[in-house]
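If you want the building blocks of each chain, they are given just below.
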Amino acid sequence: AALLDIFDSERIPLEISSPGPLKRRPVVGAVINLLTLRSKDFAAHRVCDLVGSRYLRIESLGAHGSRLPGHIRGLVSSRGGRAGWLAWEGRLSALADVPEKRNIDPLECRALNDWLSRLRARLSPAQPRGWPEWSSWALSLIDDFIALPDHAGVEESRDLETVRERLASMGDFQPLG
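Residues numbered from 1 in each chain as written. Predicted model: local features only at pLDDT ≥ 70, side-chain atom pairs only at ≥ 80, totals over all residues. Heavy atoms only, no water.

1. Things to note about the overall build of the protein chain
- When you go through the protein chain residue by residue, the secondary structure sums to eight helices and zero strands.
- Reading the secondary structure of the protein chain in the N-to-C direction produces α-α-α-α-α-α-α-α.
- Put simply, the protein chain has 177 residues, and 42% of those count as buried.
- Sequence separation of at least 24 residues holds for 67% of the intrachain contacts in the protein chain that already meet a minimum separation of 6. (Helix = DSSP H or I, 4+ residues; strand = E, 2+ residues; numbered from the N terminus. Buried < 20%, exposed > 50% of the residue type's maximum accessible area, 1.4 Å probe, protein only. Contact = heavy atoms within 4.5 Å.)

Take a look at the structure:
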């Protein structure tokens with residue numbers, strides 16, 4: 001969220017040669033969702049969008065994660081749409097312990113819970129950080145969690161590369177004084 005706020009407050013354009021702001025592009029939306037997930041307290045619809053995104057690296061979900069994108073909506077609907085981090089922890093643990101209540105595979109619940117816990121840890125960088133560290137942190141998250149599908153178009157590739165370039169350029173900012 002801090003990176004997006006800086007783009008806005010410093011009037012750094014999030015646009016490319018194509019019409020419309022870059023942040024409205026699907027792959028950029030996935031990046032923004034990833035980078036803001038913690039600040040949005042892991043809202044269910046955001047987690048659902050990220051796990052169901054064609055841009056999420058499926059291997060990042062872990063051993064039983066390959067089935068999660070197909071079942072995430074059921075997992076989310078079973079726990080309500082707005083609840084944040086504490087609800088994820090409690091509800092997924094309860095579903096994993098008593099899956100017959102919702103006809104949900106306990107391995108899927110555990111896989112999602114493990115993935116969310118790992119992601120939460122990664123989205124909690126040590127403070128304080130300068131621009132070079134923030135830039136590297138954001139780029140490493142993108143590398144680890146976002147990928148273009150095999151059949152991605154030229155525009156999607158260009159959009160993701162533009163985001164990467166803009167984030168990398170933020171590493172050049174130095175505090176004044």
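There is more to say, and it comes next.
2. Re the confidence of the model for the protein chain
- Here the protein chain shows a mean pLDDT of 76. Residues at 70 or above account for 63%.
- Here helix H4 (residues 68-77) is the element of the protein chain with the lowest mean pLDDT, 61, and helix H2 (residues 26-36) is the one with the highest, 92. (pLDDT = per-residue confidence, 0-100.)

3. Thoughts on the packing of aromatic side chains
- Scanning all chains against the criterion turns up two aromatic pairs.
- Ring geometry for Trp 115 and Phe 145: centres 6.4 Å apart, planes at 75°, overall edge-to-face. Taken together, the positions of Trp 115 in helix H6 (residues 106-122) and Phe 145 in helix H7 (residues 131-145) put the pair 30 residues apart, joining distant regions of the chain.
- Judged by centre distance (5.3 Å) and plane angle (85°), the ring pair of Trp 134 and Trp 137 falls under edge-to-face. (Phe/Tyr/Trp six-rings, centres within 6.5 Å; stacked < 30°, edge-to-face > 60°.)

4. Focus: the nonpolar core
- Membership of the largest hydrophobic core comes to 35 residues, with the highest contact counts inside it found for Phe 42, Leu 50, Trp 115, Leu 116, Leu 119 and Ile 146.
- Going through the elements one at a time, H2, helix H3 (44-51), helix H5 (85-97), H6, H7 and helix H8 (154-170) are the ones with two or more residues in this core.
- Excluding residues that lie within four positions of it along the chain, Ile 146 makes contacts with Val 27, Ala 30, Val 31, Leu 34, Leu 50, Tyr 55, Arg 57, Leu 141 and Leu 160. (Core = buried A, V, L, I, M, F, W, Y, C linked by side-chain atoms within 4.5 Å.)

5. Let's talk about the side chain of Asn 33
- In this fold, Asn 33 is placed in helix H2.
- Excluding residues that lie within four positions of it along the chain, Asn 33 makes contacts with Arg 46, Asp 49 and Leu 50.

6. A few points about the packing of H6 against H7
- Closest axis-to-axis distance for the H6/H7 pair is 11 Å, and the angle between their directions is 160°. When the interaxial angle is binned, H6 and H7 end up roughly antiparallel. Crossing angle aside, the handedness with which H6 passes H7 is right-handed. Of H7, the residues touching H6 (which contributes Trp 115, Leu 119 and Arg 122) are Trp 137, Ser 140, Leu 141, Asp 144 and Phe 145.
- The class makeup of the residues in the contact of H6 with H7 is five nonpolar, one polar and two charged. (Axes fitted to C-alpha atoms, helices over the stretch in contact; angles between N-to-C directions. Parallel < 35°, antiparallel > 145°, perpendicular 65-115°, else oblique. Left-handed = near helix turned anticlockwise from the far one by under 90°. Nonpolar A, V, L, I, M, F, W, Y, C, P; charged D, E, K, R; others polar.)

7. Regarding H7
- For H7, spanning 15 residues, the distance from its first C-alpha to its last is 21 Å, which sits close to the expected 21 Å at 1.5 Å a residue.
- Of all the positions in H7, only Trp 134, Ser 135, Trp 137, Ala 138, Leu 139, Leu 141, Ile 142 and Phe 145 are classed as buried. (Expected span 1.5 Å × (residues − 1).)

8. Regarding H3
- Turning to H3, its buried residues number three or more, namely Ala 44, Val 47, Cys 48, Leu 50 and Val 51. In an axial view of H3, the angular spread of the buried residues amounts to 165°, which keeps them on one side of the axis. (Arc of directions from axis to C-beta.)

9. Notes on the environment of Leu 34
- If you trace the backbone, Leu 34 turns up in helix H2.
- Measuring from C-alpha to C-alpha, the distance between Leu 34 and Val 51 comes to 9.9 Å, with 17 residues separating the pair along the chain.
- In this view, Leu 34 contacts Leu 50, Leu 119, Leu 123, Leu 141, Ile 142, Phe 145 and Ile 146; residues no more than four positions away in its chain are not counted.

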